[in-house]
Structures are given as C-alpha cells and as structure tokens.
Amino acid sequence: MKLMKWGCALLLTAAMGFPASAYAEDEKSTDLTTRTYGFDTIDEALVLQSPLFTYQSGLTFEYPDAVRGIYVTGHSAGGARFERLTSLIEQTELNAMVIDIKDDLGNLTYIPAEDSPLKQLDIGKPYIKDPQAMLKTLEEKKIYPIARVVVFKDTVLAAKQPELSFMDGDAVWENRRGDSFVNPFMKEVWDYNVEIAIEAAKMGFQEIQFDYVRFPEGFEKRHDVLKYSLGDYDNSELDPVQRRVEAVTDFVAYAKKQLEPYGVDVSVDIFGYSATLPEAPGIGQNFSKISENVDVISSMIYPSHWTSYFGIAKPDLEPYELVDAYAKVENKKLGELETPPVSRPWLQDFTASWLGSGNYLKYGKKEVEAQIKALQDNGIHEFLLWNAGNTYTENVDYTP
C-alpha cells in the first residue's frame, strides 16, 4: 500500500477549514518550538475512506441486500419509458438500474455542462435531458444507480481519430455489423473512458460498469493483418495473446485506481465463456485477472448465446440447466481467488427467435425465474436482466 507523507498537512488543514494563511503567519513567528505529531505517514487507503477525501455528489444511496437490476438505455432513461421502469422496480423485488452513460456507438447519452471537461469531446446526445434530476428521482425511489460505460467498441471515436483504432488498408476496420473498435493498447483511449467514468461518479452513480472491455471478436485471426499501434506494449516480450490479456487487465486495474477518490464500485461485463477458459485468446479477456481488479464481475450468460458447451444440445430450451452448469464453473474459478468480487451475472429476458424453429423458447416468467433460481441454488443472489428494448417480463418473482 502506498503511503502519503505528512507533508500534505496543508491539504488536510485546508480540508478541515483552517485558513492557509495560518501557515504563512506561523512561518513568520519567532516561536521556534519544535512541533511533533507522533507519526510521519498516513495510510492512503485510510485517507480515501474519509469523507474529506472522497468526492461527495450530494446524493445518498444504500447498497441493496443484493443487487437485482435491469438494463436501461439513454432513450428510456430520458423518455416516457423511465416512469414505467421505475414503477416496475417499485412494485417488485428489483432494486437497481444499469443506465447507458456512454453507449454502444460511443456517444454520451446526455449533453455535458459547459464547464465539463467532456464538453470539448462533442459526443453528447440529448437523450437524458437532466441527468441530475433523473438521479434525484432514483434517490427518492431508493433505486440503486449503475452507469454503463462502453469502452473499446467506439465507432464515434474511431471515426474521429483513426490512429486510435484498427486500420484495414486506408479505412477504419469495421465488423460485420458496421461497428468499429478503438485500441486497448493505447493509454489515450484509457484516459478518454476514465474521464467519462469520473464524471458519472461525480453525478452520483454508485457504480461504474465497463462493457466491451476487450478486443474485437475474432481478433486473433486479423491481429497481424490490421494496422495499429502497440503503444507502451511495443517492446513487450509476451506472445500476442498474453499481450492482449495484459492490456485489457491493465486498463481495468488503472480505471479502478483512478476512480478510488470518488467512492464508487467498479464492475466489468465479460463473456460467460471466458470463465471456462484460461483466457479468451482473441479478445484479451482473462476472467481471473479481471476479477482480481474489480468489485463486481458480470458474466453475460444468456442461454441463447451458448452452443452445446456444457453438453446441453439446445441451451436456449433449458435456461435452468445452462445457468446451473455455468454457475458451478464460475464458483470454482472465483473460489481460487484471494479476494473474489461479487458475482452478478447478466440474464436473458428476451426471445432469441433468430436461433430458428425448435432451437429457442419464447422467454417469459417461467424462463426468467428458472435462471434466477439456478443462480440462487449456487449461492449467487445478484443478477441483471438484459432486454435491448427495455421491455421486461411482467409478474416475475425475482426472488423465487
């Protein structure tokens, strides 16, 4: 643990309300009595726990008995659907919202204030007209607020600064959906996203959830074809897989450190299959290494997104069995860590009709409850529900 020298006494004195001029006057004084304070250093962790050294947003939220949350887009948070979603939470055992602050394209979902350092980025959209009023409403209704920040999938930044992205010839590379990614090797990209996270923390969000903390899917097939900078990792002696793992893990550790003065938890969304492998070779996600650097790990374990991975031929048809099988693997992996984070998986509240007839179920009350029950049966009591359109199943028992 780093230690801060008592030479910061002037900062402490100012924080406690004593005028700095008192020190100037003391220097001029003829009283040369030696003053001793009994110690030379302060434990940084202890200082950061003090309200004097933690940013105060003016809003107060209590961590629920267990977070049971839903995903909310910027459009929903700033529109008529917001009232319906808050009513859903008030009338059920749900208690949290994961709200887009930086979305999947790379836009902010609100317009930053004129004095905000984010204003000059020119990426604000007026989806959430008044973020502070929204958070005040959540405070009044005792709904726990989590800010979702999409990190390395960022079509907007890639278009503005191609040097921070991956180039395919003379053009910014796009995946099959037309999305572009920015480069996890670049410290400039780290700081760009951390600055956004800091502003969300200052607003009053209690947790920053980083999503798309990874390289593009299938990157191992094109890492030596696309043009991009390795940044500070240029001289790394690691093989390409481990170099990507190192960059992604380093970002998470860096972001958590930068957010410490704001008193927020840090969580990361991660592919469920990452927990079943030493690491996901293309995208740079190592489940254990990321877990060591966060307060919460949120694996995306939607039954529809698996193949016959656990010996379940058609996973979407068997939500309990799929989640149960995954939870056993994750519990073992987290059990190997000295200080494991809270497990809070993403569950499916949507119908995966694209799987084709006979391969999917219409997801409703029974299927959502089955997933939650599977988590509970494995000692996991926190979860998040994903529905891209924010239309959630009614009459669900969220604590079956």
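Anything mentioned here points back to the structure above.
All of the points below concern the structure found in this document. Keep in mind it's a predicted model, so treat the numbers as computed, not measured.

A look at the overall build of the protein
Looking only at helices and strands, the protein features twelve helices and 13 strands. For the protein, the residues scored as buried account for 50% of the 400 residues in total. Looking at the protein alone, contacts between residues at least 24 apart form 77% of all its contacts between residues at least 6 apart. Per element, the accessible surface of the protein, about 19200 Å² overall, is 51% carbon and sulfur.

Thoughts on the nonpolar core
Grouped together as the largest cluster of nonpolar side chains are 109 residues, with contacts concentrated most on I70, M97, F210 and F251. Here this core gets ten residues from one element, more than from any other, and that element is helix α8 (residues 187-203). Excluding anything up to four places from it in sequence, F251 contacts V151, F152, W190, V194, F210 and V213.

Looking at the side chain of E367
Among the structural elements, E367 can be located in helix α12 (residues 365-377). If we skip the residues at most four places from it in the chain, E367 touches P319, L361 and K362.

A closer look at the layout of surface pockets
Size it by volume and the largest pocket reaches roughly 1100 Å³. Along its surface, the largest pocket is lined by 32 residues, and R177, R214, E217, F271 and H305 are the ones closest to its centre. Split into classes, the residues belonging to the lining of the largest pocket amount to 14 nonpolar, five polar and 13 charged.

Details of the packing of α8 against helix α9 (residues 240-259)
Running from N to C, α8 and α9 cross one another at 35°; their axes reach a closest spacing of 10 Å. Between α8 and α9 the crossing geometry is right-handed. In contact with K187, W190, D191, V194, A197 and I198 of α8, α9 contributes A247, D250, F251, Y254, A255, Q258 and L259.

Structural notes on α9
Compared with the 28 Å implied by 1.5 Å per residue over 20 residues, the 29 Å span of α9 between its first and last C-alpha is a close match. Packing partners of the buried residues in α9 comprise α8, β8 (207-211), β9 (265-271) and α10 (287-291). With a side-chain oxygen positioned 3.0 Å from the backbone nitrogen of V241, the residue opening α9 is D239.

Let's talk about unusual backbone geometry
Despite not being glycine, K142 has its phi angle at roughly 60°, a positive value. Mapped onto the secondary structure, K142 falls in the loop between α6 (131-140) and β5 (144-150). Owing to a relative accessible area of 70%, K142 belongs among the exposed residues under this scheme. One non-glycine residue, N395, lies in the positive phi region at around 60°. On the secondary structure map, N395 appears in the segment after β13 (383-386). A relative accessible area of 66% means that N395 is categorised as exposed.

Some remarks on a negative patch on the surface
A surface patch of like charges, here negative, comprises E163, E188, D191 and E195. Here E188 lies in helix α8. For E188, a relative accessible area of 45% gives the class partly exposed.

What to know about the environment of Q285
Relative to the helices and strands, Q285 resides in the loop between β9 and α10. On the basis of relative accessibility, which here comes to 1%, the residue Q285 falls in the buried class. With sequence-adjacent residues up to four places away left out, Q285 is seen in contact with V213, R214, D269, I270, F271, S274, E279, A280 and I290. Side-chain polar atoms of Q285 contact the backbone oxygen of V213, separated by 3.3 Å.

Here we look at the pairing of β8
When you tally the buried positions in β8, you get five out of five residues, the bulk of the element. Both faces of β8 are covered, namely the face carrying E207, Q209 and D211 and the face carrying I208 and F210. Summarising the sheet, β5 and β8 pair through five bridges and their orientation is parallel. When the sheet's bridge partners are listed, V149 is paired in β8 with F210. Sheet analysis places β8 next to β9, joined by four bridges and oriented parallel. Of the residues in β9, the one forming a bridge with F210 is V268.

Parameters at a glance
- Residues numbered from 1 in each chain as written.
- Predicted model: local features only at pLDDT ≥ 70, side-chain atom pairs only at ≥ 80, totals over all residues.
- Heavy atoms only, no water.
- Helix = DSSP H or I, 4+ residues; strand = E, 2+ residues; numbered from the N terminus.
- Buried < 20%, exposed > 50% of the residue type's maximum accessible area, 1.4 Å probe, protein only.
- Contact = heavy atoms within 4.5 Å.
- Areas by Shrake-Rupley, 256 points an atom, 1.4 Å probe, with all protein chains shown as cover.
- Core = buried A, V, L, I, M, F, W, Y, C linked by side-chain atoms within 4.5 Å.
- 1 Å grid on protein atoms, 1.4 Å probe; cavity = no way out; pocket = protein on both sides within 12 Å on 5 of 7 lines; lining within 4 Å.
- Points joined across faces, edges and corners; volume = space filled by probe spheres on them.
- Nonpolar A, V, L, I, M, F, W, Y, C, P; charged D, E, K, R; others polar.
- Axes fitted to C-alpha atoms, helices over the stretch in contact; angles between N-to-C directions.
- Left-handed = near helix turned anticlockwise from the far one by under 90°.
- Expected span 1.5 Å × (residues − 1).
- Polar contact = N/O pair within 3.5 Å; in protein donor to acceptor, adjacent residues only side chain to side chain.
- Patch = residues over 30% accessible without salt bridge, like charges linked within 9 Å, V, L, I, M, F, W, Y side chains within 5 Å.
- Salt bridge = Lys/Arg side-chain N within 4 Å of Asp/Glu carboxyl O.
- Lys, Arg positive; Asp, Glu negative; His and termini not counted.
- Charge placed at Lys NZ, Arg CZ, Asp CG, Glu CD.
- Pairing = 2+ DSSP bridges.

Without other data, these values stay purely geometric and don't point to any function.
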